[in-house]
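Fold and geometry: a report
Each chain is listed here by its residues.
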Amino acid sequence: AAATCGGWAAVCDKFRTARTLSTVESRKDPETEPYRSKYSARALLQEVKQLLSAAEEGGEARLLAVRRAVLEYELGVNHTDTEELSAGEEHLQRCTQLLEPHRLSPDCVSLYIQAQNNLGILWSLRDEIKTAQTYLESAEALYNQYMKEDGNPPLDPSEHFMAEEEKITDQERSKRFEKAYTHTLYYLAQVYQHLEMIEKAAQYCHTTLKRQLEYCGYNPVEWALNAATLSQYYLSKQCFMEARHCLAAASVIFSQAGQVPSAEDNETEQDQQDLRQRKAEIARCWIKYCLNLLQSARKLLEDNIGELDPDRQLELKAQRKKEEDEKEKGRKKAVLFGTSDICDSVLAIEEKVSSVYPLDFQEAREIFLVGQNYVLEAKEFFQVDGYVTDHIEIVQDHSALFKVLAFFEEDYERRCKMHKRRLDMLESIYVDLNPQYYLLISRQLQFELADTYYEMMDLKIAIGNRLEELDSHTIKKINSLAQLAIKYYELFLDSLRNPDRVFPEQLEEDVLRPAMVAKFHIARLYGKLITSDSKKQLENMQTSLEYYMFLVDYCEKYPDAVRAVETELELSKEMVGLLPTRMERLRAKLCPFI
């Protein structure tokens, strides 16, 4: 029956209706019946299967086998979509068994690869990542073998249920085949990510993104987020040029999202909100880029006390001049995304921010300003109301940008001003934070505020040392900064106490170093307080000694702690040796007759 012309047309019609139900209509299914269209499609596919069986006597065996394989494939995907994985697996396995002998022929290869892809997805859904990997890698190998041995655009699976005149063009065939293979690579990237094969995952992700642009098969928002995420991998490898390229491409492709009317084009407020959030997430990736580039440059330039080493600076500048641009050109070719029109827009964004290490204040400032612009953009969406954690992380990044810029600033007064900006932004969020709900963030802020006051105090002392003699204004300033640093270090240390306000006998691994550094810094701060009252001075020395003693005693009791605070411990031991003698001398001055 199905073999007659009219009968075959009816079969094709049923098949086409089932496809439409599955891919188009199902999007409109009500939440109460999420799979309504999928079930209707399944019933039609079963009918087509019956009609094919009826036609089997007269038909050509190979042709029928391939058509049956198409139906098994559609049923397999259908059952997977409705979360009936065992049935889905059965149908997909039947599809690959029917095709096995012909899997390299142009009428079967695309279907076979898509069946393998879907088996890969199915096993991932079961959390059997290794099995998924086997199916996907076999699909990848088949694509490569077919392209090497034949390479002609293969039939699209849907063509097995089309009349001759409806068949699609070679160009469209090729596009669909490449899309199926892009899916293979996309799922492999995720599998490798799961198996913590990070480099391989990044490489597959990059190839997927390139291919999606090449064959215009992508959702701009998703594509941009994947590219921005990939940039963070390149950052971790210190590949700033690649990271910048991914981010610039992400920004360009994302901007298409607003322009391309979506299928339904009745965008809701929620869709708009989602777009704004994604844009802010990409901005946050840019902040990390600027921050990482500046921090890596600081590592290259700093001497053993954390200041900028001018000899190293000259050496790096000379080396940079000498380094040929050829290296960059070669690397660039390997990672470039997209067609020429996209490339131009990407290049325009790349030109706004460097991808080489900044080696002086001017260069650092340019990167800082780009980062700061993205901070403002990200904060626009991630506001304190509703996004406390995100908002605070962005402010912390903003503060870190100022901190690393201060490293490049030679003028101590201007450096102080930068730290002052950090204090203002950090204190304004700390004040409104409930430490009960946000203990970790609260600790981070206490420690960073303390560190910033500590750094400012050191800068004020350095400024004071250049004066003939310290004036009362500078003394007041130094003391006030020291006291504020002590206050925040003490708040941090208090947060480690138990509900009965008792300080822990042994510190947890994650707070060990910060707690010891806080104790060490408080000891130093008491030593820096300036007073003309000798009695007060003695008290400060005594407090200072007690804090240094804490480090020494703690490390004796818990030798494992030593490696976390080697430098601080060494200096503490030295001070524990020196301070008692100094205190004796001061006491003798106070009471010479005793």
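Rules behind the numbers
Residues numbered from 1 in each chain as written. Predicted model: local features only at pLDDT ≥ 70, side-chain atom pairs only at ≥ 80, totals over all residues. Heavy atoms only, no water. UniProt positions renumbered as here; feature names shortened; annotations may be inferred. Helix = DSSP H or I, 4+ residues; strand = E, 2+ residues; numbered from the N terminus. Rg over C-alpha atoms; globule rule 2.2 N^0.38 Å. Buried < 20%, exposed > 50% of the residue type's maximum accessible area, 1.4 Å probe, protein only. Areas by Shrake-Rupley, 256 points an atom, 1.4 Å probe, with all protein chains shown as cover. Lys, Arg positive; Asp, Glu negative; His and termini not counted. Charge placed at Lys NZ, Arg CZ, Asp CG, Glu CD. Phe/Tyr/Trp six-rings, centres within 6.5 Å; stacked < 30°, edge-to-face > 60°. Lys NZ or Arg CZ within 6 Å of the ring centre and 35° of its normal. Domains from an automatic or database assignment. Core = buried A, V, L, I, M, F, W, Y, C linked by side-chain atoms within 4.5 Å. Contact = heavy atoms within 4.5 Å. Salt bridge = Lys/Arg side-chain N within 4 Å of Asp/Glu carboxyl O. Axes fitted to C-alpha atoms, helices over the stretch in contact; angles between N-to-C directions. Parallel < 35°, antiparallel > 145°, perpendicular 65-115°, else oblique. Left-handed = near helix turned anticlockwise from the far one by under 90°. Nonpolar A, V, L, I, M, F, W, Y, C, P; charged D, E, K, R; others polar. Expected span 1.5 Å × (residues − 1).

For the chain, the name recorded in an unreviewed UniProt entry is KIF-binding protein, with Uria aalge as its organism. Under Sequence similarities (unreviewed entry), UniProt gives the following word-for-word description of the chain: "Belongs to the KIF-binding protein family." Its UniProt record gives the chain a comment under Function (unreviewed entry), which states: "Activator of KIF1B plus-end-directed microtubule motor activity. Required for organization of axonal microtubules, and axonal outgrowth and maintenance during peripheral and central nervous system development."

Okay, the overall build of the chain next. Helix and strand counts for the chain stand at 22 helices and zero strands. Radius of gyration (C-alpha) of the chain: 33 Å, far over the 25 Å computed for a compact globule of 594 residues. In terms of principal-axis extent, the alpha carbons of the chain reach across some 125 × 60 × 45 Å. For the chain, buried positions account for 46% of its 594 residues. Here the chain has roughly 31,600 Å² of accessible surface; of this, 50% comes from carbon and sulfur atoms. Here the chain contributes 75 positively and 100 negatively charged side chains, and the mean placements of these two sets differ by 4 Å.

In this structure the tally under the stated criterion is 29 aromatic pairs. Ring centres of Trp286 and Tyr289 lie 5.9 Å apart, and the angle between their planes is 85°; on these two criteria the pair is classed as edge-to-face. One end of the pair, Trp286, and the other, Tyr289, are both in helix 11 (residues 269-301), three residues apart, so they sit about a helical turn from each other. Each of the two residues, Trp286 as well as Tyr289, counts as buried. Ring geometry for Phe447 and Phe492: centres 5.3 Å apart, planes at 75°, overall edge-to-face. Taken together, the residues span a long stretch of sequence, with Phe447 in helix 18 (residues 439-465) and Phe492 in helix 19 (residues 472-494) at a distance of 45 residues. A single burial state applies to Phe447 and to Phe492, both of which are buried. The structure contains a cluster of three or more aromatic residues connected by ring pairs, namely Phe240, Trp286, Tyr289, Tyr357 and Tyr374. Directly above the aromatic system of Tyr412 lies the positively charged group of Arg466, at a separation of 4.5 Å from the ring centroid.

Right, let's talk about the domain arrangement of the chain for a bit. You can read the domains of the chain as domain 1 (5-237) and domain 2 (518-593). Distance between the C-alpha centres of domain 1 and domain 2: 71 Å.

What follows deals with the nonpolar core. Ranked by size, the top nonpolar core spans 176 residues in total, and within it Phe161, Trp286, Tyr289, Tyr489 and Leu507 carry the most contacts. If you tally residues by element for this core, the top one is helix 11, at 14 residues. No fewer than three residues from each of domain 1 (5-237) and domain 2 (518-593) sit in this core.

Tracing the sequence through the fold places Phe15 in helix 1 (residues 5-23). Note on Phe15: relative accessible area 3%, which makes it buried. For Phe15 and Glu47, which are 32 residues apart along the polypeptide, the C-alpha to C-alpha distance reads 9.2 Å. Sequence-distant contacts of Phe15, that is, excluding residues within four places in its chain, are made with Leu45, Val48, Val70, Leu71, Glu74, Ser158 and Phe161.

Right, let's get into unusual backbone geometry. A positive phi angle, near 65°, is found at Glu83, a position not held by glycine. Relative to the helices and strands, Glu83 resides in the loop between helix 3 (61-81) and helix 4 (85-99). Phi at Gln238 takes a positive value of approximately 60°, unusual for a residue other than glycine. When its relative accessible area of 38% is taken as the criterion, Gln238 is described as partly exposed.

Time to look at the pattern of salt bridges. With the rule as written, the count across this model stands at 40 salt bridges. The shortest N-O distance in the salt bridge between Arg16 and Asp13 comes to 3.4 Å. Highlighted residues: Arg16 and Asp13, both in helix 1, separated by three residues, approximately one helical turn. Classification of Arg16 as partly exposed rests on a relative accessible area of 34%. A salt bridge links Arg320 to Glu363, with the nearest nitrogen and oxygen atoms 2.6 Å apart. Of this pair, Arg320 sits in helix 12 (residues 310-322) while Glu363 sits in helix 15 (residues 361-381), placing them 43 residues apart in sequence. Relative accessible area serves as the criterion here: at 29%, Arg320 is assigned to the partly exposed category. The class of Glu363 is partly exposed, set by a relative accessible area of 25%. Through salt bridges that share partners, Lys49, Glu72, Glu90 and Arg94 make up one connected network.

It is the contact of helix 3 with helix 4, at a shortest axis distance of 7 Å, that shows an interaxial angle of 160°. Judged on the interaxial angle alone, helix 4 and helix 3 are roughly antiparallel. Seen along the crossing, helix 3 lies across helix 4 with a hand that is left-handed. Here Ala65, Val66, Arg68, Ala69, Glu72, Tyr73, Leu75, Gly76, Val77, His79 and Thr80 of helix 3 come into contact with helix 4, specifically with Leu85, Ala87, Gly88, His91, Leu92, Arg94, Cys95, Leu98 and Leu99. Among the residues making up the contact of helix 3 with helix 4, the classes are represented as twelve nonpolar, five polar and three charged.

Turning to the packing of helix 5 (residues 109-125) against helix 7 (residues 170-194), a few remarks are in order. Closest axis-to-axis distance for the helix 5/helix 7 pair is 10 Å, and the angle between their directions is 25°. Overall, the two elements helix 5 and helix 7 adopt an arrangement that is roughly parallel. Judged by the sense of rotation from one axis to the other, the crossing of helix 5 with helix 7 is left-handed. Here helix 5 contributes Val109, Ser110, Ile113, Gln114, Asn117 and Ile121 to the contact with helix 7, which in turn contributes Phe177, Ala180, His183, Thr184 and Tyr187. Residues belonging to the contact of helix 5 with helix 7 are distributed by class as follows: six nonpolar, five polar and no charged.

Here the focus is helix 5. Here helix 5 is 17 residues long and its end C-alpha atoms lie 25 Å apart, about the 24 Å a rise of 1.5 Å per residue gives. Across the 17 residues of helix 5, 14 count as buried, placing the element largely inside the fold. Directly after helix 5, the chain includes Asp127, whose backbone phi takes a positive value near 65°.

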